[in-house]
Amino acid sequence: MKSLHRILAVLYKELLQLGRDRLTFGMIIGIPLMQMLLFGFAINTDIRNLQAAYVDLSNTSASRQLVAEIQASQIVGFNTILSSSEQLQQGIRSGDINIGVYIPADFERRLQQPDRALAQVLVNGSDPTVVSVANQIAMFPFESRTGSVVSLAPRPIEVRVFYNPERRSSIFIVPGLIGVILTFTMILFTAVAIVRERERGNLELLITTPVANLELMVGKVVPYVIIGLIQTSIILVLGKWLFGLPIRGDLFDFYIAALAFIAASLTLGLMISTVTKSQFQAMQMTMFVLLPSILLSGFMFPFEGMPWAAQWIAETLPLTHFIRLSRGILLRGAELLELWDQLLILIGFAILALAIATRRFSKQLD
Amino acid sequence: MHDSTELAVSARNISRYFGDLKAVDEVNLRIEKGTVYGFLGPNGSGKSTTIRMLCGLLIPSSGTIEVMGLKVPQQVDRLRAAIGYMTQRFSLYTDLTIRENLRFIASIYGLNRTAANARIDELLVTYNLSERAAQLAGTLSGGQKQRLALAAAVMHKPKMLFLDEPTSAVDPENRRDFWENLFDLSAAGTTILVSTHLMDEAERCHRLAILSAGRIVADGIPHELTAELSGQTLGITTPRPRRLRDVLLEQGAVRSAAQVGNQLRVLVEAGSNNAINAIRDIMQAHDLSGEVAAVAPNLEDVFVVSTSQSQRQ
């Protein structure tokens, strides 16, 4: 009872200070807003109007129809017509074009021979994103006026894209972005919050009072849990409103997952605050955690493509597990129970970090 | 120990190392209940470290401590309710108002809302802060900040108060008022341990310990400490005080010579017979004129003597 009283005292004090700190308050709203717009609009892997050229040696109505349909897809924009495959290669080398479409002279005859490729797509492979776009062109269904449907290349296996059939990258990014923003703000705010008390000398006073370490930690952390949930909601609403983010799973499940992740991030922040001596150091340490989180968690690059050492590091980062939960619930409509192991890891992480932080904190003045 | 109930603080042979540095060296301390006890010493003499050990903030490398009958650091959780501690630096929240700060401290000590409000109003009046209750602590003057810190330290009516250089950022008038506040608390039965590097503050204490390089080099009642030096302090009025000072400092029996206005204040070794005549002879030999007379020793002299003794050892 007395313990609760003291926790509430710390909590109330923290809220008062937070309310007075306009810059921090602005960051709480500003960071999710800005990152949402940056990642949602600027970082876009749905490429439109790639510079392209074509060579049409067949020069028949069917080949012109093919060129027109590829053009109409808006994936590429043909800006030059060349006369040989050598010229296409040179265009790619000089950087004038990224993609070249080569239509051979026997195009019409190939239309009748399903086992032969219709045409060739030359790709600037130095940018992997361009390659994947080129593959889209290769899958392009082509219905010639003669009635037969063929693809540019023989494709014996049909691919069906689930959950994000239009393959819009913003939908894929938003669920992970929630985690990235929470990682950044939660870790930074708590790490700085405790270090600031030490820098300003408040801690020296507090440890002569009956307030226990754990009470102080909990009281300081709870306001940020609320902030974390507010940020989560901002991103969800914006994601739905601006990018049409689907919420296929149970929203309640998602908030439970978010809560576990917030707890893990906050306690990680507390842990940082017990090993750093100044607010500046706390910020550096936050970056030290943030960078691998962004790069290794699967937010930017597929987890499966990373070498095992990187995967191993990624497994220790809370963000990796949250992104699996978040994408699972929001995009695939998974239930929390199906992803229980990820949730359990997050909760375990939070408890472990809190235990370490509390232990380390008690030895601080020594 | 039959008299342990009369002692607020009893420390035996406490030492504290920071790495290889010995910050506190075999300190023994007995403070009777209800006294204002002073720690006088320069920066780095171990005052703060000793106070922190007594509060249970630092664990002594060796030695035993008992404060208000409780073993430190073993029983420090119970001790916290019985002591108040005012840090050297202002350690309340600068972005909270006076009342918010006090309310926070009150809830930390478990006062309920009505009790807290009554106590806060009482403290605001006692420490003359009522008019500024809604002002942010960061915008207060040095004296106001310090009164606020004292109000927070005595919120739970502690039986023992530790003050670590409380007046370092305060002007003389506020300092005088502050000491009146301390004696009010003392009269109400609070034991107070206060550290300072100011002689006039040290003189006000009931008892005093002089610290140097982590050791207590003298302790006692201030006027008794000064009385022990009678006959050893001389005042010399001379037209050439700098020259005279250089000459005197070459003499083995002269402990110190410091200029105070036109006068040179000279401290000689204990047992120097007829120091006045001896100095007159030296002055004559060096062709220096001036009036030599005995003056009453003060705490600064005690401080100089005891610290220079500790350095020779």
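Because the structure is a prediction, the values reported are computed rather than measured.

Observations regarding the interface of chain A and chain B
Inference 1: Listed per partner, the contact involves 23 residues of chain A and 26 residues of chain B.
Inference 2: Carbon and sulfur atoms make up 59% of the area that chain A and chain B hide from each other, which totals about 2,500 Å².
Inference 3: Taken together, chain A and chain B are joined by 3 salt bridges.
Inference 4: Asp 95 of chain B serves as the salt-bridge partner of Arg 200 of chain A, at 4.0 Å between the closest nitrogen and oxygen.
Inference 5: Put simply, chain A and chain B have 13 residue pairs in polar contact (both at pLDDT 80 or more) between them.
Inference 6: At the level of elements, helix H1 (2-20), helix H7 (169-199) and helix H8 (202-206) of chain A are the ones that each hand at least two residues to the side of chain A that touches chain B.
Inference 7: When residues in the side of chain A that touches chain B are grouped by element, the largest group, 8 residues, is from H1 of chain A.
Inference 8: For the side of chain A that touches chain B, a count of residues per class yields 9 nonpolar, 6 polar and 8 charged.

Here's the deal with the confidence of the model for chain B
Inference 1: Scored by pLDDT, chain B comes out at a mean of 89, with 96% of its residues at no less than 70.
Inference 2: Overall fold confidence (pTM) sits at 0.78, and the ipTM for the predicted complex is 0.80.

Quick notes on the packing of aromatic side chains
Inference 1: A complete count under the given rule lists 8 aromatic pairs over all chains for this structure.
Inference 2: With a centroid separation of 5.1 Å and 75° between ring planes, the pair formed by Tyr 54 of chain A and Phe 78 of chain A is classed as edge-to-face. With Tyr 54 of chain A in strand S1 (residues 50-56) and Phe 78 of chain A in strand S2 (residues 76-82), this pair connects stretches of sequence that are 24 residues apart.
Inference 3: A relative accessible area of 15% places Tyr 54 of chain A in the buried class.
Inference 4: Here Phe 78 of chain A falls in the buried class, since its relative accessible area comes to 14%.
Inference 5: Seen in terms of ring centroids, Tyr 37 of chain B and Phe 39 of chain B are 6.2 Å apart; in terms of plane orientation they differ by 75°. Their pairing is edge-to-face.
Inference 6: Against the face of Phe 104 of chain B rests Lys 13 of chain A, its NZ or CZ located 5.5 Å from the ring centre.

Section: the domain arrangement of chain A
Inference 1: In terms of domains, chain A is made up of domain 1 (50-162) and domain 2 (169-360).
Inference 2: Put simply, the middle of domain 1 of chain A and the middle of domain 2 of chain A, counted by C-alpha atoms, are 46 Å apart.

A word on the pattern of salt bridges
All names here are of chain A.
Inference 1: Evaluation of the coordinates by the stated rule reveals 20 salt bridges over all chains.
Inference 2: The residue Glu 215 makes a salt bridge to Arg 6 at a minimum N-O spacing of 2.7 Å. On the criterion of sequence distance, the pair formed by Glu 215 in helix H9 (residues 213-243) and Arg 6 in helix H1 is long-range, its members being 209 residues apart. With respect to class, Glu 215 is no different from Arg 6; both count as buried.
Inference 3: Arg 324 is paired through a salt bridge with Glu 315; the nearest N and O atoms lie 3.1 Å apart.
Inference 4: A residue is classified by how much of its surface remains accessible, and Glu 315, at 34% relative accessible area, is partly exposed.

Re helix H11 (residues 279-296) of chain A
Inference 1: Along its 18 residues, H11 of chain A runs 26 Å from first to last C-alpha, staying within 8% of the 26 Å computed at 1.5 Å per residue.
Inference 2: Here H11 of chain A has its buried residues at Ala 282, Thr 286, Val 289, Leu 290, Ser 293, Ile 294 and Leu 296 of chain A.

Quick word on the packing of helix H3 (residues 98-108) of chain B against helix H5 (residues 142-153) of chain B
Residue and element names in this part refer to chain B.
Inference 1: Contact pair H3 / H5: the axes reach a minimum separation of 9 Å and the direction vectors enclose 20°. The orientation of H3 with respect to H5, classified from their angle, is roughly parallel. Considering only the axes of H3 and H5, their crossing is right-handed. Contacts between H3 and H5 involve Ile 98, Asn 101, Leu 102 and Ile 105 on the former and, on the latter, Leu 148, Ala 151 and Ala 152.
Inference 2: Of the residues that constitute the contact of H3 with H5, the class distribution is 6 nonpolar, 1 polar and no charged.

As for H9 of chain A
Inference 1: Taking 1.5 Å as the rise per residue, H9 of chain A with 31 residues should run 45 Å; its terminal C-alpha atoms sit 44 Å apart, in good agreement.
Inference 2: Just beyond H9 of chain A, the residue with positive phi is Gly 244 of chain A, at close to 65°.

What counts, and at which threshold
Residues numbered from 1 in each chain as written. Chains lettered and ligands numbered in written order. Predicted model: local features only at pLDDT ≥ 70, side-chain atom pairs only at ≥ 80, totals over all residues. Heavy atoms only, no water. Contact = heavy atoms within 4.5 Å. Buried area = accessible area lost by both parts, 1.4 Å probe. Salt bridge = Lys/Arg side-chain N within 4 Å of Asp/Glu carboxyl O. Polar contact = N/O pair within 3.5 Å; in protein donor to acceptor, adjacent residues only side chain to side chain. Helix = DSSP H or I, 4+ residues; strand = E, 2+ residues; numbered from the N terminus. Nonpolar A, V, L, I, M, F, W, Y, C, P; charged D, E, K, R; others polar. pLDDT = per-residue confidence, 0-100. Phe/Tyr/Trp six-rings, centres within 6.5 Å; stacked < 30°, edge-to-face > 60°. Buried < 20%, exposed > 50% of the residue type's maximum accessible area, 1.4 Å probe, protein only. Lys NZ or Arg CZ within 6 Å of the ring centre and 35° of its normal. Domains from an automatic or database assignment. Expected span 1.5 Å × (residues − 1). Axes fitted to C-alpha atoms, helices over the stretch in contact; angles between N-to-C directions. Parallel < 35°, antiparallel > 145°, perpendicular 65-115°, else oblique. Left-handed = near helix turned anticlockwise from the far one by under 90°.

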